[in-house]
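# Structural features, examined
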Amino acid sequence: IARDSSVGLVTVDELHRPRIRSVRAFRLERPTTARERFTVFILTRTSTRKVDQIARNPLVTLYFNEDQRAAYATIMGRATVHRDPQNPRLQSFLDSATVRFFWPAFPRDFVMIEVTPDWLEFIGPGLWNDPDTWRPQAVVFE
């Protein structure tokens, strides 16, 4: 997950179809819990479809893939759309170059998505799927 910052974000559209797009994933620099360690932040714009889709259905999936190692991780979780740039959890992502790129009318057009994990699945070197069911290794966050 730390090596793959370009990930697939899956949301559900208004016709209940899954929609996937590549997004850039950011994580907290100093997580204090296991759940925070796998919490992902996505910088986006207010005009994107994913913001409306998350408003209707906050359950999302993130897909991290590393072909050269035959490894992948999937995070299933709940997305929260943040619109307050004063939120202390978001400050580490708000350097001036990022703000200018993502939000030209900052703070008016600010929006950021936080994905809090419920479930994590992983397959990779040393951690393979179950040979009978093909289910990957999993972690459930409580």
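These figures come from a predicted structure and were not determined experimentally. (Residues numbered from 1 in each chain as written. Predicted model: local features only at pLDDT ≥ 70, side-chain atom pairs only at ≥ 80, totals over all residues. Heavy atoms only, no water.)

Moving on to the nonpolar core. Grouped together as the largest cluster of nonpolar side chains are 18 residues, with contacts concentrated most on Val40, Ile42, Leu62, Phe64, Ile75 and Val115. Every element with two or more residues in this core is listed here: strand S1 (6-12), strand S2 (18-26), strand S3 (40-43), strand S4 (59-66), strand S5 (71-82) and strand S6 (112-123). What Val40 contacts, discounting residues up to four positions off in sequence, is Ala25, Phe26, Arg27, Leu62, Phe64, Ile75, Ile113, Glu114 and Val115. In this structure, Phe41, Leu94, Phe102 and Phe110 belong to the second largest nonpolar core, which totals 13 residues. (Core = buried A, V, L, I, M, F, W, Y, C linked by side-chain atoms within 4.5 Å. Buried < 20%, exposed > 50% of the residue type's maximum accessible area, 1.4 Å probe, protein only. Helix = DSSP H or I, 4+ residues; strand = E, 2+ residues; numbered from the N terminus. Contact = heavy atoms within 4.5 Å.)

Each pair of aromatic rings is reported with the distance of its centres and the angle of its planes. In this structure the tally under the stated criterion is nine aromatic pairs. Ring centres of Phe41 and Phe93 lie 4.8 Å apart, and the angle between their planes is 40°; on these two criteria the pair is classed as tilted. Within this pair, whereas Phe41 is found in strand S3, its partner Phe93 is found in the loop between S5 and helix H3 (96-102), the two being separated by 52 residues in sequence. The same class applies to Phe41 and to Phe93, which are both buried. Geometrically, the ring pair formed by Phe106 and Phe110 is edge-to-face, given 6.0 Å between the ring centres and 85° between the ring planes. The structure contains a cluster of three or more aromatic residues connected by ring pairs, namely Phe101, Phe102, Trp103, Phe106 and Phe110. (Phe/Tyr/Trp six-rings, centres within 6.5 Å; stacked < 30°, edge-to-face > 60°.)

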